[in-house]
Amino acid sequence: MPMNYHHQLQLLIDILKNQDTEHYGSRDEYAQIERLAKSLLKNKEIQEEIRDLLMNIEQYSSRHQTTGQLEALNSEEIQQWIQGIETSEHSFLYPDRLM
């Protein structure tokens, strides 16, 4: 069964949470984050609120891959992305429920 964009977003959140918890990200994780973000940005079903976050996440992963800044994580920024995606997904999946 192929991953739909909700599954891709959840995978992206899981990787970002892991990086935030460990205060570290491997090159493979950054590459996977970048691939996920690019794939999601191509998807016409993605909500507009998430698109801006995905562009920032893509730039973040690309920057860390090209400069080799594997240890320079901005925890606050990562947490904002995670919260933004989770909030948007929750309101999309459960429009009648408050978070």
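Described in the following lines is the structure provided in the data block. (Residues numbered from 1 in each chain as written. Predicted model: local features only at pLDDT ≥ 70, side-chain atom pairs only at ≥ 80, totals over all residues. Heavy atoms only, no water.)

As for the overall build of the chain
Argument step 1. Looking only at helices and strands, one finds four helices and zero strands in the chain.
Argument step 2. Along its sequence from the N terminus, the chain presents helices and strands in the succession α-α-α-α.
Argument step 3. A burial count over the chain gives 38% of its 99 residues as buried.
Argument step 4. For the chain, the proportion of contacts with a sequence separation of at least 24, taken over those separated by at least 6, is 66%.
Argument step 5. As presented, the chain carries roughly 6200 Å² of accessible surface, and 49% of it is formed by carbon and sulfur atoms. (Helix = DSSP H or I, 4+ residues; strand = E, 2+ residues; numbered from the N terminus. Buried < 20%, exposed > 50% of the residue type's maximum accessible area, 1.4 Å probe, protein only. Contact = heavy atoms within 4.5 Å. Areas by Shrake-Rupley, 256 points an atom, 1.4 Å probe, with all protein chains shown as cover.)

Observations concerning helix 2 (residues 27-42)
Note: α-helices contain 3.6 residues per turn, so residues at a spacing of three or four share the same orientation.
Argument step 1. Look at helix 2: 23 Å from first C-alpha to last across 16 residues, which is about the 22 Å you get at 1.5 Å a residue.
Argument step 2. Residues of helix 2 that are buried include every one of E29, Y30, A31, I33, E34, L36, A37 and L40, and no others. (Expected span 1.5 Å × (residues − 1).)

Observations regarding the nonpolar core
Argument step 1. One finds L9, L12, L16 and I85 to be the most contacted residues of the largest nonpolar core, which totals 20 residues.
Argument step 2. Per element, the largest residue contribution to this core is six residues, and it comes from helix 1 (residues 5-22).
Argument step 3. For I85, the contacting residues outside a window of four places in its chain are L9, L12, I13, I50, L53 and I57. (Core = buried A, V, L, I, M, F, W, Y, C linked by side-chain atoms within 4.5 Å.)

Let's talk about the packing of aromatic side chains
Argument step 1. This model, assessed by the stated rule, comprises two aromatic pairs.
Argument step 2. Among the aromatic residues, those joined into a cluster by ring pairs are Y30, Y60 and W81. (Phe/Tyr/Trp six-rings, centres within 6.5 Å; stacked < 30°, edge-to-face > 60°.)

Observations concerning the environment of L41
Argument step 1. Within the fold, L41 resides in helix 2.
Argument step 2. C-alpha separation for the pair L41 and E58, spaced 17 residues apart in sequence, amounts to 9.5 Å.
Argument step 3. Apart from residues lying up to four places away in sequence, L41 is in contact with R51, L54, M55 and E58.

Quick word on helix 1
Argument step 1. Taking 1.5 Å per residue, 18 residues should reach 26 Å; helix 1 reaches 26 Å between its end C-alpha atoms and fits that length.
Argument step 2. The residue sitting at the N-terminus of helix 1 and contributing the capping side-chain oxygen is N4; that oxygen lies 2.8 Å from the backbone nitrogen of H6.
Argument step 3. Just downstream of helix 1 lies H23, where phi reads positive at about 55°. (Polar contact = N/O pair within 3.5 Å; in protein donor to acceptor, adjacent residues only side chain to side chain.)

Focus on the packing of helix 1 against helix 2
Argument step 1. At their nearest, the axes of helix 1 and helix 2 sit 10 Å apart, and the two run at 150° to each other. It follows from the interaxial angle that helix 1 and helix 2 lie roughly antiparallel. Regarding helix 1 and helix 2, the two cross each other, and that crossing is left-handed. In contact with Y5, Q8, L9, L11, L12, I15, L16, N18 and Q19 of helix 1, helix 2 contributes E29, Y30, Q32, I33, L36, S39 and L40.
Argument step 2. Along the lines of polarity and charge, the residues of the contact of helix 1 with helix 2 split into ten nonpolar, five polar and one charged. (Axes fitted to C-alpha atoms, helices over the stretch in contact; angles between N-to-C directions. Parallel < 35°, antiparallel > 145°, perpendicular 65-115°, else oblique. Left-handed = near helix turned anticlockwise from the far one by under 90°. Nonpolar A, V, L, I, M, F, W, Y, C, P; charged D, E, K, R; others polar.)

This is a description of form; function is not addressed.
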